[in-house]
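What follows is each chain in one-letter form.
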Amino acid sequence: MNAPLKTKAETITRFSVWQRVEHFAVMVFFTLLVITGMPQKYFGVGFSAKVVGWLGGIDSTRLLHRISGFIFAGLVIAHLAISIWQVATRRLTMLHIVPHKQDYRDALKTLRYYLGLSKEPARFD
């Protein structure tokens, strides 16, 4: 028999508003770093000159790359400072993202299963 359907949807808030803004900013500035950095590194590639041209020339590309780098570094420092503060003040007690011994055991068992060395895959939570 099938399990009964729930009438009210349950929602779980995984990230706070600040964390969502932070992650979005990291994605934006990382993308800017790639868009401005790769054409500088590989300027001989045909498309690189076009990208640098779209960005207003090599001087503006370098300026945008440096500004993006400083902001990205600031985001990393802020993230680390907030995380350390949350752990120190016990506002963040469960570090679920940090791998534990069982995670490594499960990864090895899954690898053995994929390679055909084991007949049974790892059983996760």
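Residues numbered from 1 in each chain as written. Predicted model: local features only at pLDDT ≥ 70, side-chain atom pairs only at ≥ 80, totals over all residues. Heavy atoms only, no water.

(A) How the structure looks around the side chain of Thr61. Assignment of secondary structure puts Thr61 in helix α3 (residues 58-88). Since its relative accessible area comes to 0%, Thr61 is described here as buried. Every residue in contact with Thr61, bar those within four places of it in the chain, is listed here: Thr36, Gln40, Val52 and Leu55. (Helix = DSSP H or I, 4+ residues; strand = E, 2+ residues; numbered from the N terminus. Buried < 20%, exposed > 50% of the residue type's maximum accessible area, 1.4 Å probe, protein only. Contact = heavy atoms within 4.5 Å.)

(B) The arrangement of the packing of helix α1 (residues 17-41) against helix α2 (residues 46-54) in detail. At a minimum axis distance of 9 Å, the contact between α1 and α2 shows a crossing angle of 130°. When the axis of α1 is compared with that of α2, the two are oblique. Of the two elements, α1 crosses α2, and the hand of that crossing is left-handed. Here Ile35, Met38 and Pro39 of α1 lie close against α2, whose contacting residues are Ser48, Val51 and Val52. Of the residues in the contact of α1 with α2, the class split is five nonpolar, one polar and no charged. (Axes fitted to C-alpha atoms, helices over the stretch in contact; angles between N-to-C directions. Parallel < 35°, antiparallel > 145°, perpendicular 65-115°, else oblique. Left-handed = near helix turned anticlockwise from the far one by under 90°. Nonpolar A, V, L, I, M, F, W, Y, C, P; charged D, E, K, R; others polar.)

(C) How the structure looks around the packing of α1 against α3. Interaxial distance between α1 and α3 falls to 9 Å at its minimum, and their mutual angle equals 145°. Along this stretch, α1 crosses α3, giving a crossing that reads as left-handed. Contacts between α1 and α3 involve Trp18, Glu22, Ala25, Val26, Phe29, Phe30, Leu32, Leu33, Thr36, Gly37 and Gln40 on the former and, on the latter, Ile58, Thr61, Arg62, Leu64, His65, Ser68, Gly69, Ile71, Phe72, Leu75, His79 and Ile82. Taken together, the residues of the contact of α1 with α3 break down into 13 nonpolar, eight polar and two charged.

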